[in-house]
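Observations on chain architecture
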Amino acid sequence: MSTEQGRSAGRVASEASESRPGTGSRYGAGAPTRPATPSFVDSVSLIAGREITMRLRSKAFLISTGVLMLAVLASVMLGSIFGGQSETTKVAVIGGATAVVDGNDALEAVPAADETAAEQLLRDGEVDAIVAPAASDPLGITVIGLDSTPDSVVQALSVQPTVELLEPAAVDPTLAYLVAFGFGIVFFMSALTFGTTIAQSVVEEKQTRVVEILLSTVTARALLTGKVIGNSVLAFGQILAIAALAILGLILTGQRVLLGGLGTSVIWFIVFFAIGFVMLAALFAASAAMVSRAEDIGSVTTPVTMLVMIPYFLVIFFNDNPTVLAIMSYVPFSAPVGMPMRVFLGTAEWWEPFVSLAILLATTALAVLIGERIYRNTLLKTGARVPLGEALRG
Amino acid sequence: MLELSNVSKRYGDRLALDQVSFTVGDGRLTGFVGGNGAGKTTTMRIILGVLASDGGSVTLGGAPITEADRRRFGYMPEERGLYPKMKVLEQTVYLARLHGWAPAAAHRNALELLERLGLGERTNDTIESLSLGNQQRAQIAAALVHQPEVLVLDEPFSGLDPMAVETVQGVLADVAAAGAPVLFSSHQLDIVERLCDDLVIIAGGRIAAAGPGDTLRTEHGSERWELLTAGDAGWLREQPGIQVVEFDGGWAVFEAESDAARQAVLAEAVARGGVVSFTREHTTLAQIFKEVVR
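Calculation criteria
Residues numbered from 1 in each chain as written. Chains lettered and ligands numbered in written order. Predicted model: local features only at pLDDT ≥ 70, side-chain atom pairs only at ≥ 80, totals over all residues. Helix = DSSP H or I, 4+ residues; strand = E, 2+ residues; numbered from the N terminus. Buried ≥ 20, exposed ≤ 12 C-beta atoms within 10 Å, placed from the backbone. Contact = placed C-beta atoms within 7 Å. Pairing = 2+ DSSP bridges. Axes fitted to C-alpha atoms, helices over the stretch in contact; angles between N-to-C directions. Parallel < 35°, antiparallel > 145°, perpendicular 65-115°, else oblique. Nonpolar A, V, L, I, M, F, W, Y, C, P; charged D, E, K, R; others polar. Expected span 1.5 Å × (residues − 1). Domains from an automatic or database assignment. Core = buried A, V, L, I, M, F, W, Y, C linked by C-beta atoms within 7 Å. Left-handed = near helix turned anticlockwise from the far one by under 90°. pLDDT = per-residue confidence, 0-100.

1. Considering the overall build of chain B
Counting secondary structure elements, chain B contains 10 helices and 14 strands. Reported as C-alpha extents along the three principal axes, the dimensions of chain B are approximately 75 × 45 × 30 Å. Classification of the 294 residues of chain B by burial places 44% in the buried group.

2. Here we look at the overall build of chain A
Across its full length, chain A holds 16 helices and 4 strands. Taking all 394 residues of chain A together, 38% fall into the buried category. Taking the intrachain contacts of chain A between residues at least 6 apart in sequence as the baseline, contacts between residues at least 24 apart amount to 66%.

3. A short note on the sheet that holds strand S4 (residues 141–144) of chain A
Two strands in a sheet stick together by hydrogen bonds in their backbones, pointing the same way (parallel) or opposite ways (antiparallel). Residues and elements named next belong to chain A. What the 4 strands build is an open sheet, ordered S2-S1-S3-S4; its pairing is mixed. Where the open sheet ends on each side, the last strands, each with one partner, are strand S2 (107–112) and S4. With direction set aside, neighbouring strand axes in the sheet form an average angle of 30°. Pairing analysis gives 6 bridges linking strand S1 (residues 89–94) to S2, with the strands arranged parallel. Each residue of the ladder has a partner; that of Thr89, found in S2, is Leu107. The sheet strands contacting helix H6 (residues 115–123) are S1, S2 and strand S3 (129–133), and the helix crosses S1 at an angle near 165°.

4. Brief notes about the packing of helix H8 (residues 173–207) of chain A against helix H12 (residues 297–317) of chain A
When two helices pack together, their arrangement is given by the angle between the helix axes and by the axis-to-axis distance. All names here are of chain A. Interhelical geometry of H8 versus H12 gives an angle of 170° and a closest axis separation of 9 Å. Taken together, H8 and H12 sit at an angle that is classed as roughly antiparallel. Within the contact between the two elements, H8 uses Ala180, Phe181, Phe183, Gly184, Phe187, Phe188, Ala191, Leu192, Gly195, Ala199, Gln200 and Val203 and H12 uses Ile297, Thr301, Val304, Thr305, Val308, Met309, Pro311, Tyr312, Val315 and Ile316. Residues that form the contact of H8 with H12 fall into these classes: 17 nonpolar, 5 polar and no charged.

5. Examining the sheet that holds strand S4 (residues 55–60) of chain B
Residue and element names in this part refer to chain B. Spatial ordering of the open sheet is given by S2-S1-S4-S5, a layout of 4 strands whose pairing is antiparallel. Edge positions in the open sheet fall to strand S2 (14–24) and strand S5 (63–64), since each of these has one partner strand only. Summarising the sheet, strand S1 (residues 2–11) and S4 pair through 5 bridges and their orientation is antiparallel. Across the sheet, residue Leu2 finds its bridge partner in S4, namely Leu60. Packing of helix H1 (residues 40–48) onto the sheet brings it into contact with S1, S2 and S4, and relative to S2 it is tilted by some 65°.

6. What about helix H4 (residues 103–116) of chain B?
Across its 14 residues, H4 of chain B extends 20 Å between first and last C-alpha, which sits within 8% of the 20 Å expected from 1.5 Å per residue. Those residues of H4 of chain B that are buried lie in contact with helix H3 (88–98) and helix H5 (132–144) of chain B.

7. Digging into the domain arrangement of chain A
What the domain assignment reports for chain A is domain 1 (42–77 + 171–393) and domain 2 (90–149). Inter-centroid distance (C-alpha atoms) of domain 1 of chain A to domain 2 of chain A is 56 Å.

8. Let's talk about the domain arrangement of chain B
Residue and element names in this part refer to chain B. Split into domains, chain B comes out as domain 1 (2–212) and domain 2 (221–293). For domain 1 and domain 2, the distance between their C-alpha centres works out to 41 Å. Listed as interface residues are 9 residues of domain 1 and, on the opposing side, 6 residues of domain 2. Contributions of two or more residues to the side of domain 1 that touches domain 2 are made by helix H7 (189–195), strand S9 (198–203) and strand S10 (206–212). Considering every element that reaches the side of domain 1 that touches domain 2, the biggest residue donor is H7, with 3 residues. The residue makeup of the side of domain 1 that touches domain 2, split by class, is 7 nonpolar, 1 polar and 1 charged.

9. Notes on the pairing of S9 of chain B
The buried fraction of S9 of chain B amounts to 5 of the 6 residues, a majority that puts the element mostly inside the structure. Where S9 of chain B folds back on S10 of chain B, the antiparallel hairpin that results is connected by 2 residues, among which Gly204 of chain B adopts a positive phi of roughly 55°.

10. Some remarks on the pairing of strand S13 (residues 251–256) of chain B
Residue and element names in this part refer to chain B. Alignment of strand S11 (residues 225–229) against S13, held across 4 bridges, turns out to be antiparallel. Note on S13: the bridge partner recorded for Leu228 is Trp251. Alignment of strand S12 (residues 242–248) against S13, held across 6 bridges, turns out to be antiparallel. Directly across from Val244, in S13, lies its bridge partner Phe254. In this antiparallel pair of consecutive strands, S12 and S13, the connection spans 2 residues, and Gly249 shows a positive phi of 60°.

11. Some thoughts on the nonpolar core
A general tendency of soluble globular proteins is for nonpolar side chains to be buried together. Grouped together as the largest cluster of nonpolar side chains are 151 residues, with contacts concentrated most on Ala282 and Ala285 of chain A together with Ala141 and Val152 of chain B. Considering every element that reaches this core, the biggest residue donor is helix H11 (residues 256–289) of chain A, with 18 residues. The contact partners of Ala285 of chain A, leaving out residues within four places of it in the chain, are Ile198, Ala199, Val202, Leu224, Lys227, Val228, Gly371 and Tyr375 of chain A. By size, the runner-up hydrophobic cluster in this structure holds 20 residues, among which are Ala97, Ala109, Val131 and Ala132 of chain A.

12. Some points on unusual backbone geometry
Residue and element names in this part refer to chain B. One non-glycine residue, Asn6, lies in positive phi territory at about 50°. Looking at where Asn6 falls in the secondary structure, it is placed in strand S1. A tally of 13 C-beta atoms within 10 Å means that Asn6 is categorised as partly exposed. Phi at Gln19 is positive, roughly 50°, even though this residue is not glycine. Residue position: Gln19 is located in strand S2.

13. Re the packing of H3 of chain B against H5 of chain B
All names here are of chain B. For the pair H3 and H5, the least separation of the axes is 8 Å and the interaxial angle reads 25°. Judged by the angle between their axes, H3 and H5 are roughly parallel. With respect to the hand of their crossing, H3 and H5 are arranged in right-handed fashion. Contacts between H3 and H5 involve Val88, Gln91, Thr92 and Leu95 on the former and, on the latter, Ala138, Ala141 and Ala142. Across the contact of H3 with H5, the residue classes tally to 5 nonpolar, 2 polar and no charged.

14. Let's talk about the environment of Met290 of chain A
Residues and elements named next belong to chain A. Looking at where Met290 falls in the secondary structure, it is placed in the loop between H11 and H12. For the pair Met290 and Leu325, spaced 35 residues apart in sequence, the C-alpha to C-alpha distance is 34 Å. Residues within four places of Met290 in sequence aside, it is in contact with Val300, Ile374, Thr378, Arg385, Val386 and Ala391.

15. Structural notes on the confidence of the model for chain B
Put simply, chain B has an average pLDDT of 88, and 100% of its residues get 70 or more. Interface scoring of the predicted complex returns ipTM 0.79; its pTM is 0.74.

16. Points about the environment of Thr363 of chain A
Residue and element names in this part refer to chain A. Within the secondary structure layout, Thr363 lies in helix H15 (residues 352–378). The exposure class of Thr363 is partly exposed, given the 17 C-beta atoms found within 10 Å. In this structure, the C-alpha to C-alpha distance between Thr363 and Leu70, residues 293 residues apart in sequence, is 34 Å. Setting aside chain neighbours within four positions, we find Thr363 in contact with Met279 and Pro332.

17. What to know about the confidence of the model for chain A
Residues with a pLDDT of 70 or more make up 86% of chain A, whose mean pLDDT is 81. In the model, residues 1–32 of chain A has pLDDT below 50 throughout and makes 56 contacts with residues more than four positions away in sequence or in other chains.

See below:
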């Protein structure tokens, strides 16, 4: 070796010293320009960074995210409109009636000088009713409407007895359905969108053959981890953005009541989603690695797609069935939807989410291990789809 | 020095590599030649650790190759490919950074290399918008941008125009001159012959011949001489100790039993007059290749 080095001239030879085991480099051990070998974390963050940058540059991704955001915002707004949220009703008040209307949250008093002025306001549509003093009435007021009984005003001015229920329903069934639908659709859409993205990204690297250069530089594990983390960050970011938008929308439309009940379950949903998505991402990546062409992604990822779709349908159809929900909340693939749903309904003990989370974590670890094995074994096999048995054996 | 000893690889029932052993010396440009399916790509993939061997060892400087060592390898796979939607510079910088270069240095290296490869004007174009020839140049940049200390290139010249071939030859020679072992495969035997210090010939998964080009020539090429005269050279057949291999009018290729017999031919030719040339025939790599593979 020394004769070879002696013969060669230039940069490397002049810096070459004896081979130093441990430094990694046989040549430029002391060279200032020679970079250190990047760590696993360095490689992973570079790969994840590239995934994120390229995705954010994709118009299709930006547009679909925008559409999803608009859909969320629209559903919050619609919820506000159809939710029958009581808005204040304007009423014209005459004289002593002011004292009755003032201090009533549902009514806004528009003072009128006399009955004629008040009638004018009513006919112009400025107010929904007139509240006038009436000495003969037990309540001391008369409500005057235009062509029909102004129910909302009458309701607001009525005195209601205290109501007590012996077996109160914890949550309004309609609301439960809406929340189930919300968790289901967000999980389903995000997992499917980013799962497909990860699958495409894996096949793209196989199809364009760039994977061989990558594998000669970084390990298959680093490559897979980088991909999963990059896409998980995007999926997670999208979930957070949706949550923020939904909460903002609820606050702006005054639906604070709904917000209070949702808080804990939304937090659980985010935690379960973050871990569940890693599991699905590893499975999507492994499935995709078995094929070499973008056209084959659909068929090869069908089993994983099913795992994403089933919880979505189950939670929509069975959100009022405690048994199904209880099972769902422990099966790892449906737990990200099932457990937050039970937390919302108040049917889960405090420790249940933690147990389910532990099961999910263990399953995720297993899925990542199997996924990595398949990924590593199939990355360089181009051509026909690699059978699962072969992919697992290597 | 990169050394392979008794490397074997089996694909199902087929033995793709059978006890492959050869060395790539520091600063030596080594050509790797063989027919289609002879095992070149498999060998290179095993050197890079992209594929696991079923036996034997690959060492660098006498020690088994570690992951850290492989970060210092430059590799150009047979199956070309880069990210189609990434820009040329961005892609090259990304690969340099995966090899551990800091962003600024990676950027500098990449720009310099792309400039040299004639891609200076295309740095902001996406890979997919480049012509095939330019994509090939970008691929070479991808293999070299981290200033590798060992180069393994699978068919680096295929698909390049003569100008680019020239550039790449220059780059390879520079890397070798800096002391790196360089191994490349090629079907263009003339380039291999012109460029390489050492040769490795593989056939059917076995090494058929390996060593410095001159040594192989002496071992496998028979010594032949070529005579060109103005008149008819038919008299050659009558010369003692001479075996005529090819003949056409005033031109003949022959083998001589001894130096004296050869000198006698030259004297006779001069005496007859009209000698145009009398040269030792250069054994081409193609001839050696055909002989050892046979």
